[in-house]
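What follows is the residue order along each chain.
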Amino acid sequence: MFALAESGVLPVTQALSALSAYKQENEYHVWSIVSAGISQIGNLLFHTPHYEAYRTFARGMFADISRKIGWEKHFGERHTDTMLRTLALVSVGAYGDKDTIRIARERFSGAKGIDPDLRDTVYGLVAKYGDEKDHAMFARMYKAADMQQEKNRASDALESFRDEKLLAKTLAFALTSAVRSQDAPFIIAGVGVNPYGRELMWKFLQKNWKLIMKRYGSGGHLLGRFIHPLGGFTDRARAKEIKAFFKTHKAPGTERTIA
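These numbers come from a predicted model, not from an experiment.

Definitions and limits used
Residues numbered from 1 in each chain as written. Predicted model: local features only at pLDDT ≥ 70, side-chain atom pairs only at ≥ 80, totals over all residues. Heavy atoms only, no water. Axes fitted to C-alpha atoms, helices over the stretch in contact; angles between N-to-C directions. Helix = DSSP H or I, 4+ residues; strand = E, 2+ residues; numbered from the N terminus. Parallel < 35°, antiparallel > 145°, perpendicular 65-115°, else oblique. Left-handed = near helix turned anticlockwise from the far one by under 90°. Contact = heavy atoms within 4.5 Å. Nonpolar A, V, L, I, M, F, W, Y, C, P; charged D, E, K, R; others polar. Phe/Tyr/Trp six-rings, centres within 6.5 Å; stacked < 30°, edge-to-face > 60°. Buried < 20%, exposed > 50% of the residue type's maximum accessible area, 1.4 Å probe, protein only. Lys NZ or Arg CZ within 6 Å of the ring centre and 35° of its normal.

> Report on the packing of helix α12 (residues 198-207) against helix α15 (residues 236-248), specifying residues and quantitative values.
Axis separation between α12 and α15 bottoms out at 12 Å; the angle between their running directions is 20°. Taken together, the axis directions place α12 and α15 in an arrangement best described as roughly parallel. Along this stretch, α12 crosses α15, giving a crossing that reads as left-handed. Residues E199, W202 and Q206 of α12 form the contact with α15, whose own contacting residues are R238, E241, I242, F245 and F246. Of the residues belonging to the contact of α12 with α15, the class tally is four nonpolar, one polar and three charged.

Shown next as structure tokens:
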């Protein structure tokens, strides 16, 4: 139904109204499809006057399952239940549930260690509604981390802010010596995947294209990482602009990504 709605065969409202049948669903794999569909439609509505009402709708979709599965692990729970907890809490928090955001911040600042399975969830929600102090904290955590997994968590958080000034700091940080050359494309692309940072990342990409080509233009898959998030734009004027840019700027090995 989401595919048919995206292609214009079905009204989007028909696909969304069908979702009410899944509110009591307990399986992670079903919820992952529902979540992806909600996110996809949300991306289309992001720059419209309807987006805040849509966030309320999406928050309502995840309200029951997030309360049911909760923050605490249950004895003998399945691996997919652990994954469902992450998906449900991240989703309901991302769409603005105040209690979930509050609990994430409490866990982040608490004396107890954060459960590794919930660390991505907590970091992501703190960042999404965070300020300059939080951004500086995640940057310090990135620099101090010994394990790559923890660096990835910190960088994911740095990509998740909604404030453009803080996302601009993330983009600048990605090109510093604190970040390995092979990791920078993933951080920059992460800002581009964030709808609050997509426009900013596109401007950054154009401004720094010579430097990017100098670092990554000899071939390989890393150059394509910068380009892939541009597919999140949803207006024809932007499509023409991107097409025009890559007509006059070389990007070897990324033809399919650009297309």
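We are not done yet, so read on.
> Account for the packing of aromatic side chains, with residues named and values stated.
This structure, assessed with the given rule, holds 16 aromatic pairs. Between F138 and F161, the aromatic rings sit 6.3 Å apart at their centres with planes inclined by 75°, giving edge-to-face as the arrangement. Here F138, found in helix α8 (residues 132-144), pairs with F161, found in the loop between α9 (148-158) and α10 (164-174); they are 23 residues apart in sequence, far enough to count as distant. F161 carries the same exposure label as F138, and that label is buried. A ring pair is formed by W202 and F245, whose centres lie 5.4 Å apart and whose planes are at 80°; its orientation type is edge-to-face. A residue pair is termed long-range when its members are at least 10 positions apart, and W202 in helix α12 and F245 in helix α15 qualify at 43 residues. Across the pair, F245 and W202 agree in class, each one buried. Taken together, the aromatic side chains of F108, Y123, F138 and F161 make up a single cluster linked through ring pairs. In this structure, K151 packs its charged tip against the face of Y142, placed 4.5 Å from the ring centre. Sitting above the plane of the F233 ring, R238 keeps its charged end 5.0 Å from the centroid.

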